[in-house]
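Examination of the molecular architecture
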Amino acid sequence: MSAEMDALVAAATEKLEALEAALHGLGQVRGKHTTDDGLISVEVNSDGALVGLRLAESITTRPPADVGQAIIAACTQAAQDAGEQRSAVVATLNSSFTTPQAGNVGGRAE
């Protein structure tokens, strides 16, 4: 019975570690995008919220409406990048929670 309990504790510990790694990974997600002309660089967090914006000085020669649209487009691209990173973290987490195949418990044949 002790071996079974040890296996259960080990499995629970592995899952807890996977959850902690996923939480850490989600906290590290940062989506980034720089426009092709290099005038606008944005960074968003895992929620897609803007956390960084860099505008080149030469951006002042462009009409404000164009600048606004370019910033929004860059943020959209950065949010897509962050979403892909989040998906990768969640996929890794999901793979650690896959159920054992029927007939196996903790990797052992029943």
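Residues numbered from 1 in each chain as written. Predicted model: local features only at pLDDT ≥ 70, side-chain atom pairs only at ≥ 80, totals over all residues. Heavy atoms only, no water.

- The name given to the protein chain in an unreviewed UniProt entry is YbaB/EbfC family nucleoid-associated protein, and the organism recorded there is Nocardia jiangxiensis.

**What to know about the side chain of Ser41**
- Along the chain, Ser41 turns up in strand S2 (residues 40–44).
- In this structure the side chain of Ser41 is engaged in a polar contact, spanning 2.8 Å, whose partner is the side chain of Thr34.
- Every residue in contact with Ser41, bar those within four places of it in the chain, is listed here: His33, Thr34, Gly52, Leu53 and Arg54. (Helix = DSSP H or I, 4+ residues; strand = E, 2+ residues; numbered from the N terminus. Polar contact = N/O pair within 3.5 Å; in protein donor to acceptor, adjacent residues only side chain to side chain. Contact = heavy atoms within 4.5 Å.)

**As for the packing of helix H1 (residues 2–28) against helix H2 (residues 64–96)**
- At their nearest, the axes of H1 and H2 sit 10 Å apart, and the two run at 180° to each other. As far as their axial angle goes, H2 and H1 are roughly antiparallel. Residues Lys15, Ala18, Leu19, Ala22, Gly25 and Leu26 of H1 pack against Arg86, Val89, Leu93 and Ser96 of H2.
- Here the residues of the contact of H1 with H2 are counted per class, giving 6 nonpolar, 2 polar and 2 charged. (Axes fitted to C-alpha atoms, helices over the stretch in contact; angles between N-to-C directions. Parallel < 35°, antiparallel > 145°, perpendicular 65-115°, else oblique. Nonpolar A, V, L, I, M, F, W, Y, C, P; charged D, E, K, R; others polar.)

**Considering the sheet that holds S2**
- Taken in spatial order, the 3 strands of this open sheet run S1-S2-S3, and their pairing is antiparallel. The open sheet has two edge strands with one neighbour each: strand S1 (31–34) and strand S3 (50–55). Pairs of neighbouring strands in the sheet enclose a mean axial angle of 10°, with direction left out of account.
- Across 4 bridges, the pairing between S1 and S2 is antiparallel. Paired with Thr34 across the strands is Ser41, a residue of S2. (Pairing = 2+ DSSP bridges.)

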